[in-house]
Amino acid sequence: MHSQNHWGGSLEINHSDDLSDHRSDYDRAAMIPSSHHQLDETRQSWLLDTQNKSAKKKNKYVDLGCVIVSRKLLKWVFITVAVLLLVVALPIIIVKTLPKHKPSPPPPDEYSVALEKALLFFNAQKSGKLPKNNGISWRGNSGLNDGNGTTETKGGLVGGYYDAGDNIKFSFPMSYAMTMLSWSVIEYSHKYRALKEYDHTRELIKWGTDYLLRTFNSSSTKINKIYSQVGVGRNGTTPDDHNCWMRPEDMDYERPVQQTTSGPDLAGEMAAALAAASIVFQDDATYSKKLIQGAETVFDFARDNGRRSRYSSGNLDIAQYYNSTGYFDEYMWGAAWLYYATGNRTYLDLATNEGLPRNAKAFLGLNDLFYPSWDNKLPSAMLLLTRLRIILNPGYPYENMLSQYHNITGLTMCSYLRQFPVFNWTHGGLIQLNHGQPQSLQYAAGAAFLASLYVDYMNATGVPGWHCGPNYIPASTLMDFATSQIDYIMGENPMKMSYIVGYGKNFPTHVHHRGASIPSDGKKYTCTSGWKWKDSGKPNPHNITGAMVGGPDKMDKYRDVRSNYNFTEPTLAGNAGLVAALVSLTSKDNYGIDKNTIFTAVPPFFPNSPPPPPPWKP
């Protein structure tokens, strides 16, 4: 028998014989036949409500509006969130609220350290009224009467730089030094900025170019002379800059001014210096324009047909120190820089004129023309023009000559490698570019700069190497040469001596330098009384920080003796090459050259594409 089940579905009830006996154990209402006692809706609701209350008692819920959530679940969610806040958020909050300490910058590499010191050498060589922040405590105002009464220049020839350990100002090597400094800033301005030496280096360049602008009538478009030198060293009995050992601040003897009415070499180098500096100062439109005008004026003087004899010709006051051997390399060098500074293709036409390299013997493969110096600009000029070819690729009509410059540049770099028997080397690893003659370091430093820069040109254009005859040479091999020469200068040599004063623990202390060798004791030492300081065996009372001395002999031997200037005298040109090489090698702000700044004034070589036609209208 099946009775009705009002909760849904059938319910089978077994009736046994003992049902009557156990009737009292059952709910009597449930035993009433359904046909007679069906529950009405109200009673059903009571029963359902009771059961619902029981269920709610067992499982409590919270109505969140859009969803009903178990209270137990909600409780665990809150507990979990609280734990996460404690474990994760609280440490973050603590870290954020603590005072912030910037991480220490990485220590500078050794090339950067040496570079900062090498730049200070120029501060120590300044002539004229020094700025208060010059930074060399033992230097003061000097040469304030230079050129007064003997020149037509307003203010005379005050300023500029003393060339070496004496007190003479030579415009030829000074111009070269300024060109090299400017070139290094143009290529590696980002590194100078990272080292916080950008403004300092620009100030050094301006100190030199301001002086060069005074050596001729730079406001004119036509000149007939250049003042080429202040002071002389005749080694006679008359007091001058060689037979007197005096601090620059104490000079009381006459300082004759040399002038030239013919000097394409001097004028070409001056044009290069002023034009290169105009790119460095292109953010100062007024000064940059002044530099360009001066560069064009002095280059016109250099190109004048009636003035084409060497500036040092017949002048012993110049020739015995900075004798020029030619001027066609300065034509190429000056024209290249003027092209970059102005964008005037007349200068590029000249720089790529086949007559220049022919007269300069650029394609003859002469060893003496492979290394840069204050007298030989060929390797530097051809590298500078190779830059134009490999980055802008101007094509016809320049490609033929530029490709030849590129080829000779490659051969120049091959000559620096020890695997090819072009130059001799010392056992300690110094290349003998000047055939074992004194002052070898300045040439090695200049070659190291060109090599490092050529590698950066290759890297900038995705070229992994070049060929030396049948031999393929990876760019890294050339970079190894550059670093080996600068490392030698910095102390990796048989003497274990740094040839940069103030760098390292063992460096020259008897530098052939008047200002550094005489104490600043408030006394004025006369022309003759100063000799006791030159002949003294004691170290200099002042370290001329950053000065790169002449260097060792071809046997890697160095004599730190003040009187032996071949070993111990520094020069402007030498230090300029050193600075350029150091900044090219430093890993500060680790990437290569600035590809575009040098081309700012250069117009496009190909016409722009025509504008698209206007939209078609029916």
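Note that the structure is predicted; figures quoted are calculated from it, not measured.

### Notes on the state of the cysteines
Okay, so step 1: This structure, assessed with the given rule, holds two disulfides.
Okay, so step 2: Here Cys 244 engages in a disulfide with Cys 527; their sulfurs sit 2.0 Å apart. One quick way to see it: the torsion about the S-S bond of Cys 244 and Cys 527 is about -90°, and its sign makes the bridge left-handed. Of this pair, Cys 244 sits in the loop between β6 (226–230) and β7 (257–260) while Cys 527 sits in the loop between α17 (514–517) and α18 (531–534), and the two are 283 residues apart along the sequence.

### Some details on the packing of aromatic side chains
Working definition: an aromatic ring pair is given by the centre-to-centre distance plus the angle between the planes.
Okay, so step 1: All chains considered together, the criterion is met by 32 aromatic pairs.
Okay, so step 2: Look at Trp 183 and Phe 449: their rings are 5.3 Å apart centre to centre, the planes differ by 90°, and that puts the pair in the edge-to-face class. Here the residue Trp 183 occupies a position in helix α5 (residues 171–194), and Phe 449 occupies one in helix α15 (residues 440–460), the gap between them amounting to 266 residues. Both residues of the pair, Trp 183 and Phe 449, belong to the buried class.
Okay, so step 3: A ring pair is formed by Phe 363 and Tyr 405, whose centres lie 6.1 Å apart and whose planes are at 50°; its orientation type is tilted. In this pair, Phe 363 sits in the loop between α12 (355–360) and α13 (378–391) while Tyr 405 sits in helix α14 (residues 399–415), placing the two residues 42 residues apart along the sequence.

### Things to note about helix α6 (residues 198–214)
Okay, so step 1: Spanning 17 residues, α6 covers 25 Å between terminal C-alpha atoms, matching the ideal 24 Å at 1.5 Å per step.
Okay, so step 2: The element α6 is extensively covered by neighbouring structure, given that 12 of its 17 residues are classed as buried.
Okay, so step 3: Taken together, the buried positions of α6 are Tyr 198, His 200, Thr 201, Arg 202, Leu 204, Ile 205, Trp 207, Gly 208, Thr 209, Tyr 211, Leu 212 and Leu 213.
Okay, so step 4: Contact partners of the buried residues in α6: α4 (110–124), β5 (169–170), α5, β6, α7 (264–280) and α8 (285–303).

### So, the nonpolar core
Across soluble globular proteins, you tend to see nonpolar side chains buried next to one another.
Okay, so step 1: Core analysis: the largest hydrophobic core is formed by 162 residues, its most contacted members being Trp 183, Trp 337, Tyr 340, Tyr 416 and Ile 486.
Okay, so step 2: When residues in this core are grouped by element, the largest group, 14 residues, is from α15.
Okay, so step 3: In this view, Tyr 340 contacts Ile 279, Leu 384, Leu 385, Arg 387, Leu 388, Ile 598, Phe 599, Ala 601 and Val 602; residues no more than four positions away in its chain are not counted.
Okay, so step 4: Formed by six residues, the second largest nonpolar core is a distinct cluster that contains Tyr 162, Met 246, Met 251 and Cys 527.

### Section: the pattern of salt bridges
Okay, so step 1: A full pass over the atoms with the stated rule returns 18 salt bridges.
Okay, so step 2: The salt bridge involving Arg 255 is made with Asp 241; its shortest N-O contact spans 2.9 Å. Of this pair, Arg 255 sits in the loop between β6 and β7 while Asp 241 sits in the loop between β6 and β7, and the two are 14 residues apart along the sequence.
Okay, so step 3: For Lys 377, the salt bridge identified is with Glu 269, shortest N-O distance 2.6 Å. Of this pair, Lys 377 sits in the loop between α12 and α13 while Glu 269 is found in helix α7, placing the two residues 108 residues apart along the sequence. Summarising the burial analysis for this pair, Lys 377 and Glu 269 share the class buried.
Okay, so step 4: Residues joined by salt bridges that share partners form a network here, namely Arg 139, Arg 247, Glu 249 and Asp 250.

### Remarks on α8
Okay, so step 1: With 19 residues, α8 should reach 27 Å at 1.5 Å per residue; the first-to-last C-alpha distance of 27 Å fits that figure.
Okay, so step 2: What α8 keeps buried is the set Tyr 287, Ser 288, Leu 291, Ile 292, Gly 294, Ala 295, Thr 297, Val 298, Phe 299, Phe 301 and Ala 302.
Okay, so step 3: At its buried positions, α8 is contacted by α6, β6, β7, α7, α10 (328–342) and α11 (345–351).

### What about the sheet that holds β7?
Okay, so step 1: Here we have three strands laid out as an open sheet, ordered β5-β6-β7, and antiparallel in their pairing. Unpaired on one side and paired on the other, β5 and β7 mark the two borders of the sheet.
Okay, so step 2: In this structure, β6 lies alongside β7, joined through four bridges in antiparallel fashion. Within the sheet, the bridge partner assigned to Tyr 227 lies in β7 and is Gln 259.

### Some points on the packing of α13 against α14
Okay, so step 1: Close contact between α13 and α14 brings their axes to 8 Å; oriented N to C, the two are set at 125°. The orientation of α13 relative to α14 falls into the category oblique. When you trace α13 past α14, the crossing you get is left-handed. Across from Pro 379, Met 382, Leu 383, Leu 385, Thr 386, Leu 388, Arg 389 and Ile 390 in α13, the residues of α14 making contact are Glu 399, Leu 402, Ser 403, Tyr 405, His 406, Ile 408, Thr 409 and Thr 412.
Okay, so step 2: In the contact of α13 with α14, the residues fall into nine nonpolar, five polar and two charged.

### Here we look at the packing of α6 against α8
Okay, so step 1: At a minimum axis separation of 11 Å, α6 and α8 run at an interaxial angle of 50°. Here α6 lies oblique to α8, going by the angle between them. Crossing of α6 against α8: the hand is left-handed. Here Lys 206, Thr 209, Asp 210 and Leu 213 of α6 lie close against α8, whose contacting residues are Tyr 287, Lys 290, Leu 291 and Gly 294.

### Notes on unusual backbone geometry
Okay, so step 1: Backbone torsion omega between Tyr 396 and Pro 397 reads 0°, so that peptide bond is classified as cis.
Okay, so step 2: Mapped onto the elements of the fold, Pro 397 is located in the loop between α13 and α14.
Okay, so step 3: The backbone of Asn 235 shows a phi angle near 55°, a positive value even though the residue is not glycine.
Okay, so step 4: Note that Asn 235 resides in the loop between β6 and β7.
Okay, so step 5: For Asn 235, a relative accessible area of 52% puts it in the exposed group.
Okay, so step 6: The residue Lys 361 is not glycine, and still its phi comes out positive at about 60°.
Okay, so step 7: The residue Lys 361 is located in the loop between α12 and α13 in this model.

### Brief notes about the confidence of the model for the chain
Okay, so step 1: Model confidence for the chain is summarised by a mean pLDDT of 88, while 83% of its residues fall at 70 or above.
Okay, so step 2: Across residues 1–39, where pLDDT falls below 50, the model places 18 contacts with residues more than four positions away in sequence or in other chains.
Okay, so step 3: Low pLDDT (under 50) marks residues 42–58, which in the prediction has three contacts with non-local residues, meaning those over four places away or in another chain.

### Some points on the pairing of strand β11 (residues 471–474)
Okay, so step 1: With four bridges joining them, strand β10 (residues 465–468) and β11 adopt antiparallel strand pairing. In the sheet register, Gly 465 faces β11, and the bridge partner there is Pro 474.
Okay, so step 2: The antiparallel pairing of β10 with β11 creates a hairpin that spans two residues between the two strands, and Gly 469 there sits at a positive phi of about 65°.

### As for the UniProt feature "active site" (unreviewed entry) in the chain
Okay, so step 1: Here the UniProt feature "active site" (unreviewed entry) sits at Asp 560 and Glu 569.
Okay, so step 2: Apart from residues no more than four positions distant in its own chain, Asp 560 is found in contact with Pro 508, Thr 509, His 510 and Thr 568.
Okay, so step 3: Among the polar contacts listed, one links the side chain of Asp 560 to the backbone nitrogen of Thr 509, at a separation of 3.0 Å.
Okay, so step 4: Its location among the elements puts Glu 569 in the loop between α19 (565–568) and α20 (572–585).
Okay, so step 5: Judged by relative accessible area, Glu 569 falls into the buried class, the value being 12%.

Thresholds, definitions, all that
Per chain, the residues get numbers from 1 upward, laid out in the order the sequence is written. Confidence filtering applies because this is a predicted model: local features only for residues at pLDDT of at least 70, side-chain atom pairs given and counted only at 80 or more, and all residues used for totals across whole chains, interfaces and linings. Working from all heavy atoms in the structure, the side-chain values ignore hydrogens and water. In this description, a disulfide is simply a cysteine sulfur pair whose atoms lie within 2.5 Å. The way it works is that DSSP assigns letters per residue, a run of H or I at least four long becomes a helix, a run of E at least two long becomes a strand, and they are numbered from the N terminus. Geometry of aromatic contacts follows a simple scheme: Phe, Tyr and Trp rings, the Trp one being its six-membered ring, pair when their centres are within 6.5 Å, and the pair is stacked under 30 degrees between planes, edge-to-face over 60, tilted otherwise. Relative accessibility thresholds used throughout: buried, under 20% of the residue-type maximum; exposed, over 50%; partly exposed, between the two (1.4 Å probe, protein chains only). One less than the residue count of a helix, multiplied by 1.5 Å, gives the span that helix is expected to have. Contacts are assigned to residue pairs that have any heavy atoms within 4.5 Å of one another. For this analysis, a nonpolar core means a set of buried residues of the types Ala, Val, Leu, Ile, Met, Phe, Trp, Tyr and Cys, connected via side-chain atoms within 4.5 Å. A side-chain nitrogen of Lys or Arg and a carboxyl oxygen of Asp or Glu constitute a salt bridge if their distance falls within 4 Å. DSSP calls a pair of strands paired once it identifies at least 2 bridges connecting them. Lines are fitted to the C-alpha atoms to define the axes, a helix being fitted only along its stretch in contact, and any angle between axes, read from their N-to-C directions, falls within 0 to 180 degrees. Reported orientations rely on four angle classes, namely roughly parallel under 35 degrees, roughly antiparallel over 145, roughly perpendicular from 65 to 115, and oblique for the rest. A crossing counts as left-handed when the near helix is turned anticlockwise from the far one by less than a right angle, and as right-handed when that turn is clockwise. Residue classes follow a fixed rule: Ala, Val, Leu, Ile, Met, Phe, Trp, Tyr, Cys and Pro count as nonpolar, while Asp, Glu, Lys and Arg count as charged, and any other residue, Gly among them, counts as polar. What pLDDT expresses is the predictor's confidence in each residue, scored from 0 to 100. UniProt positions are given in the numbering used here, feature names are shortened, and annotations may be inferred rather than shown by experiment. Polar contacts, as counted here, are pairs of nitrogen or oxygen atoms within 3.5 Å of one another; within protein the pair requires one atom able to donate a hydrogen and one able to accept it, and residues that are adjacent in sequence qualify only if both atoms are side-chain atoms.

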